[in-house]
Amino acid sequence: MMVRHDEHPNHGDCCSHKNAQDAVIPFGVDAIYICPMHPLVRQPKPGNCPICGMTLEPEKVLLDAAPDPELIDMTHRFWVSALLAAPLALFVMGVHLSPNLPHEWLNSSLSRMVQMVVATPVVLWGGWPFYVRAVASITHRSLNMFTLIALGIGVAYTYSLIITLFPQAFAQFSGGMVLDVYFEAAAVITTLVLLGQVLELKARNQSSNAMRALLDLSPKMARIIRADGKEEDVPLSEVQKNDLLRVRPGEKVPVDGIVIEGHSSVDQSMLTGESLPVEKSPGDKVTGATLNSTGGFTMRAERVGNETMLAQIVEMVAKAQRTRAPIQRMADKVSGYFVPAVVAAALITALAWWIWGPEPKLAYAIVNAVAVLIIACPCALGLATPMSIIAGTGRGALAGVLIKNAESLEIMEKVDTLIIDKTGTLTEGKPKLMEVVTISGFEQNEALWLVASLEKSSEHPLASAIVKGAQDRGITLSTAQDFISIIGKGVKGTTEGRPVALGNAALLSTLNIDPAPLSAIAELLRAKGQTTMFAAIDGKLAAVISVADPIKATTPEALKALRAEGLHIVMLTGDSKATAQAVASQLGIDDFEAEVLPERKSEVIQKLQAQGRKVAMAGDGVNDAPALAQAQVGIAMGTGADVAMESAGVTLVKGDLIGIVRARRLSCATMRNIRQNLFFAFIYNALGIPVAAGILYPYFGILLSPVIASAAMAFSSISVIVNSLRLRNTVL
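These remarks concern the structure in this document. Residue numbers restart at each chain and count upward from 1, following the sequence in its written direction. Only residues with pLDDT of at least 70 are given local features in this predicted model, and only at 80 or more are side-chain atom pairs given and counted; all residues enter the totals for whole chains, interfaces and linings. Water and hydrogen atoms were dropped before computing side-chain values, which therefore reflect all heavy atoms in the structure.

Take the packing of helix α18 (residues 555-564) against helix α23 (residues 658-693) next. Their axes nearest at 8 Å, the elements α18 and α23 cross at an angle of 30°. Put simply, α18 runs roughly parallel to α23. Relative to α23, the crossing made by α18 is left-handed. Contact with α18, carried on its side by E557, A558, A561 and L562, involves I658, I660 and V661 of α23 and no other residues of that element. Each axis is a line fitted through C-alpha atoms, taken for helices only over the stretch in contact, and angles between the N-to-C directions span 0 to 180 degrees. Where helices and strands are cited, they refer to DSSP runs of H or I of at least four residues and of E of at least two residues respectively, numbered from the N terminus. Between 65 and 115 degrees an angle is taken as roughly perpendicular, under 35 as roughly parallel, over 145 as roughly antiparallel, and anywhere else as oblique. Should the near helix be turned counterclockwise from the far one by less than a right angle, the crossing is left-handed, whereas a clockwise turn marks it as right-handed. Contacts are assigned to residue pairs with any non-hydrogen atoms lying within 4.5 Å of each other.

Structure (structure tokens):
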């Protein structure tokens, strides 16, 4: 592991938890291994985290990753240890519980030697990884759960070993009584801790397997169309940008791209969670790994390899699972003081039993000190937050909600103000032809045919909407001549020998045409949020044509749900005030601002933040990137610009506001789960340590066996893991 030391010259290779959060020197190698709980711990080879002792994981999710060697090793150690520890525990327990078997059997030289022979491979070989990690924790001055485990098992085993090999060693402290050995306790504790490690590793592997399953959704082959027109099936890795690909019915789309020819319905449920297929026509985007349903089409590859949406989803989820939520800082801070406090508590327990306990005092002192060390193991505390983050971000990915970092996931729960961009967020972001109102003497389709044929030569988004609208109505377009674009006014030219002009009132003024006969209609259309243009044909006023950006079908429902969550909705848009007013009225948004420049959006957010509000910003364009970065939580539409997604903490794959509702619910569910986990972790320790120390013994004669303490410690970790995995079934 490489950590910068210029700010901490007094520390060794790895500092304390605090210092490990300093900048990490990047490696120029392909495989980087990091700690899931301390992501700033990085090294170019497998190993264990020197802070918490956990196994380092590959930074990138690989489709062809080999089985986890740590899980395999721990599983082998567990089963061998269990096969040896189980009969040993049954024998000791049977003697203790049976009225017919004399207790002296356990303390005979032969019995002790047999117990030592059976327990030694469990303690030394089975528990070896714990000792290695414990030594590393001491070396790096970062005491952790393995410090306590190694101390507890080591003390119990060493004490029993000395009594077995040197029976008179503690004779002067035994008060003449025969001292018990605790080989079975050391063996069973080792086995239970191994079981906890196996369950934990399996739970972590489930997340990695889920990510690999996502990657595996991509087809292995693609059908490429060569320059000579021949088609050939090639491995997906050979597909390059701009290659032409054939996608047949029932096949998966190989990479991200654009439909060039053909029509089909594509099942995008793996990407958006929506079951209804989406119609795809020339010019529409298609995403790799989605399923082509009915028709075949030809597409041009745009994003291949690690650039595809699926690969980016997997990478984003993997990164989010390795980030740390602010709430974890509290758990980390507690853990930093917790382990030394537990060691001190164990020493005080041993001293108290040594001074005031009954005979044999030494045996009671050691047994109760070991119980304190074992039951106080903070493994559940360490798992509480990371397990919930891993499960929560994985669940979000399946619902089309991509969380960039754990901090955004935590803050989303606290957001009370949501700022929304209009175009592409509330609306579809694709202008559509809405109305064609003609004046007497002109047919509607005729006017649209002439105007759309002229607009074929324009690259303006409104022109594209008119052209597509005409084509959707079955109108075959002609080619215009003498096309001229007049900045700020409109366009003019000749279609089929007839002069045609389309633009605003200023354009008609230059042509000496009065727009008054259609001005009232144009004003009514503008009040509905539509952009209007006047059409002149043969030197006469012919029609008013309107184009609008339709509101997404899911927007009203989503806004209703967000208001029910207590969020204050603010709309900011660069559109005109009339258009903004129309959209705001239609959606019931009272707080809005129109004709807003990009820098103004950031200013509005800063003003709200200064009032103490927690602000989330949702947008999809390049102009939204500064505001997304300024907000406590930036929410980008997956259908928008890449720079917007880079600036945001949350990305909605489908690109509608229902995703914000899901993100909010996911945040609340995850944070509730983390708090439950922390409660489980703290309550076990709060109740267990005093009981293990023997606080109940003077009143009820109850002592907590180290074996029971180990079982309770393992159960606390299992409780945290099982509770975290419940997030996978959360309804969003």
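To continue, consider the environment of P626. With respect to the element layout, P626 can be found in helix α21 (residues 625-630). Buried residues are those whose accessible area, probed at 1.4 Å on protein chains only, stays under 20% of the maximum for their type, while exposed residues exceed 50% and partly exposed ones sit between those limits. Note on P626: relative accessible area 42%, which makes it partly exposed.

What follows deals with the environment of N368. Structurally, N368 is set in helix α10 (residues 361-375). In this view, N368 contacts T349, W353, A692, A693 and L703; residues no more than four positions away in its chain are not counted.

Let us now look at helix α19 (residues 577-587). Here α19 has its buried residues at T579, A580, A582, V583, A584 and L587. Looking one or two residues beyond α19, the residue adopting positive phi is G588, at roughly 70°.

Time to look at the packing of aromatic side chains. Any Phe, Tyr or Trp ring, taking Trp's six-membered ring, that has another such ring centre within 6.5 Å forms a pair; planes under 30 degrees apart are called stacked, those over 60 apart edge-to-face, and the others tilted. Inspection of every chain in the model, using the stated rule, returns six aromatic pairs. Judged by centre distance (5.4 Å) and plane angle (20°), the rings of W353 and Y364 are stacked. Within this pair, whereas W353 is found in helix α9 (residues 326-356), its partner Y364 is found in helix α10, the two being separated by eleven residues in sequence. Centre to centre, the rings of Y364 and Y697 are 6.2 Å apart; their planes meet at 50°, and the pair counts as tilted. Of the two residues, Y364 sits in helix α10 while Y697 sits in helix α24 (residues 697-700), which places them 333 residues apart along the sequence. Exposure remark for Y364: the relative accessible area of 24% places this residue in the partly exposed category.

A word on unusual backbone geometry. Despite not being glycine, N242 shows a phi value in the positive range, around 80°. Relative to the assigned elements, N242 resides in the loop between β5 (231-235) and β6 (244-247). Even without a glycine there, the phi angle at E496 is positive, about 50°.

Before going further, it helps to spend a moment on the sheet that holds strand β8 (residues 264-267). The antiparallel open sheet is built from three strands, whose spatial order is β9-β8-β11. Single-partner strands in this sheet number two, and they are β9 (278-280) and β11 (291-292). Across three bridges, β8 lies against β9 in antiparallel orientation. From the neighbouring strand, S265 faces β9, where its bridge partner is E279. Only strands joined by at least two bridges in the DSSP assignment are considered to pair.

Any two side chains of opposite charge can pair, so long as their charged atoms come close to each other. Salt bridges are counted wherever a side-chain nitrogen of Lys or Arg sits within 4 Å of a carboxyl oxygen of Asp or Glu. Scanning the model with the defined rule gives 20 salt bridges in all. The salt bridge involving E446 is made with R498; its shortest N-O contact spans 2.8 Å. With E446 in helix α14 (residues 444-455) and R498 in strand β18 (residues 498-503), this pair connects stretches of sequence that are 52 residues apart. For E446, a relative accessible area of 26% translates into the label partly exposed. The partly exposed category is assigned to R498, whose relative accessible area is 22%. Counted as one network, the salt bridges with shared partners bring together R223, E231, D233, R246, R248 and E251.

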